[in-house]
Amino acid sequence: MKKIVLVGGIGSGKSTVCGMFEDSGAGVVNLDDIGHDVLLMPAVKDALRDAFGTEIFDSEGVVVRPALAAAAFDTAEHTAALNAITHPAIMDECFRRIDELGAAHDVAVVEVTSGDMTREAFSWADAVVAVSAPEALRIERACARGEQSEADVRARIARQATDEQRESIADYVVENASTLADVRAAVAQVWSALVR
């Protein structure tokens, strides 16, 4: 089974591109989805409470994701603390899901938003695909979801790798700044190269 990492910043259109790979026959693992799931784990919640306080939880003791994002992406130190708490649990679950997909798929695409953007971090992958888009467009897309303010989105972008950094570790780059048809054509070219 080929394991492909798909990287891109907030609002770049990774989910759209991932869906196109899925339509082509790939199994998909979304690290953001896993990231939401690990926020339900008692050990992760305890560590987050120690790092960021009780204000990131609602009255039921559930992590409020926008509050966590605001607390975790305000400084590089807080972002590093969040990654140190959640990353090991996320990757354990990621590899478990990849193994499950192997029963029905020849290719697994793992959608990655944040974390260490180095080739070493993805040494387990067969290829890295970067999705890029102009920052203004990324901010517009992310704000349109209605979960975060423009200030929150800008803070998050400031704590993530740049498109240039992601592209520098990528085997393939998909530009997502024009039409869906153009993006679909670019994904089809990458897919053809991956499964060749």
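Rules behind the numbers
- Residues numbered from 1 in each chain as written.
- Predicted model: local features only at pLDDT ≥ 70, side-chain atom pairs only at ≥ 80, totals over all residues.
- Heavy atoms only, no water.
- pLDDT = per-residue confidence, 0-100.
- Helix = DSSP H or I, 4+ residues; strand = E, 2+ residues; numbered from the N terminus.
- Core = buried A, V, L, I, M, F, W, Y, C linked by side-chain atoms within 4.5 Å.
- Buried < 20%, exposed > 50% of the residue type's maximum accessible area, 1.4 Å probe, protein only.
- Contact = heavy atoms within 4.5 Å.
- Phe/Tyr/Trp six-rings, centres within 6.5 Å; stacked < 30°, edge-to-face > 60°.
- Lys NZ or Arg CZ within 6 Å of the ring centre and 35° of its normal.
- Pairing = 2+ DSSP bridges.
- Axes fitted to C-alpha atoms, helices over the stretch in contact; angles between N-to-C directions.
- Salt bridge = Lys/Arg side-chain N within 4 Å of Asp/Glu carboxyl O.

*Asks:* Which residues make up the confidence of the model for the chain, and what values go with them?
*Replies:* On average, residues of the chain score 90 in pLDDT, and 100% of them are at 70 or above. At the level of individual helices and strands, the chain shows its lowest average pLDDT in helix 7 (residues 150-159), which scores 82, and its highest in helix 3 (residues 42-52), which scores 96.

*Asks:* Just give me the short version of the nonpolar core, but keep the residues and values in it.
*Replies:* By size, the foremost hydrophobic cluster in this structure holds 36 residues, and its most contacted members are Val-7, Leu-31, Leu-48, Leu-68, Cys-94, Val-112 and Phe-122. Those elements that place two or more of their residues in this core are strand 1 (2-7), helix 2 (31-38), helix 3, helix 4 (65-72), helix 5 (76-101), strand 3 (107-112) and strand 4 (127-132). Examining the composition of this core, we find that eight residues originate from one element, helix 5, more than from any other. Discounting residues that sit within four places of it in the chain, Leu-48 has contacts with Leu-39, Gly-53, Ile-56, Val-63, Leu-68, Leu-82 and Ile-85. Judged by nonpolar contacts, the second largest core, of 19 residues, contains Leu-6, Val-131, Val-183 and Leu-194.

*Asks:* Please give an account of the packing of aromatic side chains that cites residues and values.
*Replies:* By the definition in use, this model includes three aromatic pairs. Taking the centre distance of 5.2 Å and the plane angle of 90° together, the rings of Phe-95 and Trp-124 count as edge-to-face. You can see Phe-95 sitting in helix 5 and its partner Trp-124 sitting in the loop between strand 3 and strand 4, a full 29 residues away along the chain. Relative to Trp-124, the ring of Phe-122 has its centre 6.4 Å away and its plane inclined at 80°; by these criteria the two rings are edge-to-face. Every member of this aromatic cluster is reached through a ring pair, and the members are Phe-95, Phe-122 and Trp-124. The side chain of Arg-49 reaches across the aromatic face of Phe-57, ending 4.2 Å from its centre.

*Asks:* Break down the sheet that holds strand 5 (residues 172-175) for me, with residues and values.
*Replies:* On the basis of which strands lie adjacent, the open sheet formed by five strands has the order 2-3-1-4-5 and parallel pairing. Single-partner strands in this sheet number two, and they are strand 2 (27-30) and strand 5. The mean inter-strand angle of the sheet, taken between neighbouring strand axes irrespective of direction, is 25°. Direction of pairing for strand 2 relative to strand 3: parallel, over a ladder of four bridges. Directly across from Gly-27, in strand 3, lies its bridge partner Ala-108. Where helix 1 (residues 14-24) meets the sheet, it contacts strand 1, strand 2, strand 3, strand 4 and strand 5, and its direction lies at approximately 175° from that of strand 3.

*Asks:* Which residues make up the pattern of salt bridges, and what values go with them?
*Replies:* In the structure shown here, the tally under the stated rule is ten salt bridges. Residue Glu-93 is joined to Arg-97 by a salt bridge in which the shortest nitrogen-to-oxygen separation is 2.7 Å. A residue pair is termed a helical-turn pair when its members lie 3 or 4 positions apart in one helix, as Glu-93 and Arg-97 do in helix 5 at four residues. Under the relative-accessibility criterion, Glu-93 is labelled buried at 16%. Looking at Arg-97, the relative accessible area reads 22%, which means it is partly exposed. Look at the salt bridges and you will find they share partners, linking Asp-37, Glu-93, Arg-96, Arg-97 and Glu-100 into a network.

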